[in-house]
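# Architecture and fold: a report
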Amino acid sequence: MKVISVFGSSRREENSIHYREAYELGSALARAGHAVLTGGYGGSMAAVSRGAAEAGGRVIGVTCALFDPSLPIPG
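Residues numbered from 1 in each chain as written. Predicted model: local features only at pLDDT ≥ 70, side-chain atom pairs only at ≥ 80, totals over all residues. Heavy atoms only, no water.

### Focus on the sheet that holds strand β3 (residues 59-61)
Stated precisely, the cut-off is as follows: At least two bridges found by DSSP between two strands is the condition for calling them paired. Every helix listed is a DSSP run of H or I at least four residues long, and every strand listed is a run of E at least two residues long, numbered separately from the N terminus. Note on geometry: axes are lines fitted to C-alpha atoms, helical ones only across the stretch in contact, with angles between N-to-C directions running from 0 to 180 degrees. In this description, contact between two residues means that some pair of their heavy atoms is separated by no more than 4.5 Å.
Pairing within the open sheet is parallel, and its three strands lie in the order β1-β2-β3. Two strands close off the open sheet at either side, each with one partner strand: β1 (3-5) and β3. With direction set aside, neighbouring strand axes in the sheet form an average angle of 25 degrees. Bridge count between strand β2 (residues 35-38) and β3: three bridges; the pairing is parallel. What sits directly across from leucine 37, in β3, is isoleucine 60. Sheet strands in contact with helix α2 (residues 44-54) are β2 and β3, and its direction is about 160 degrees off that of β2.

### A look at α2
How we decide: Three exposure classes are used, based on accessible area relative to the maximum for each residue type with a 1.4 Å probe and protein chains only: buried under 20%, partly exposed in between, and exposed over 50%.
Along α2, eight of the eleven residues are buried, which leaves the element largely enclosed by surrounding structure. Among the structural elements, α1 (17-31), β2 and β3 are those in contact with the buried residues of α2. Once α2 finishes, glycine 56 follows within two positions and takes phi at roughly 85 degrees, a positive value.

### Observations concerning α1
Stated formally: Every helix has an expected span of 1.5 Å times one less than the residues it contains.
Between its first and last C-alpha atoms α1 spans 21 Å; for 15 residues at 1.5 Å apiece the expected length is 21 Å, and the two agree. Check the buried side of α1 and you find it contacts β1, β2 and α2.

### Points about the pattern of salt bridges
Condition: Salt bridge, as used here: a side-chain nitrogen of Lys or Arg that lies within 4 Å of a carboxyl oxygen of Asp or Glu.
Evaluated as defined, the whole model comprises three salt bridges. Among the ionic pairs, arginine 50 bridges to glutamate 14, the shortest N-O distance being 3.2 Å. Of the two residues, arginine 50 sits in helix α2 while glutamate 14 sits in the loop between β1 and α1, which places them 36 residues apart along the sequence. Judged by its relative accessible area of 33%, arginine 50 is partly exposed. We classify glutamate 14 as exposed; its relative accessible area is 58%. As a salt-bridge pair, arginine 50 and glutamate 54 come within 3.2 Å of each other at their nearest N and O atoms. With arginine 50 and glutamate 54 both in helix α2 and four residues apart, the pair spans about one turn of that helix. Counted as one network, the salt bridges with shared partners bring together Glu14, Arg50 and Glu54.

By themselves, these are just geometric observations and shouldn't be taken as functional.
So, in structure tokens, the structure goes:
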């Protein structure tokens, strides 16, 4: 399984076109058989993770202690 890394803005609102495009990207990657690797937090990275997870794909979130106490977004 290939792993595709996607990093983007953590400041994308769920109702924005950019969030929707990131969600669709994650979904398409999962349907193509790829795992996605993101920053594991909000915004575009959450959208990619969510799209992949909801399409049945594997999601890997890379988090950083620097952002604690922020909680990672589950995929």
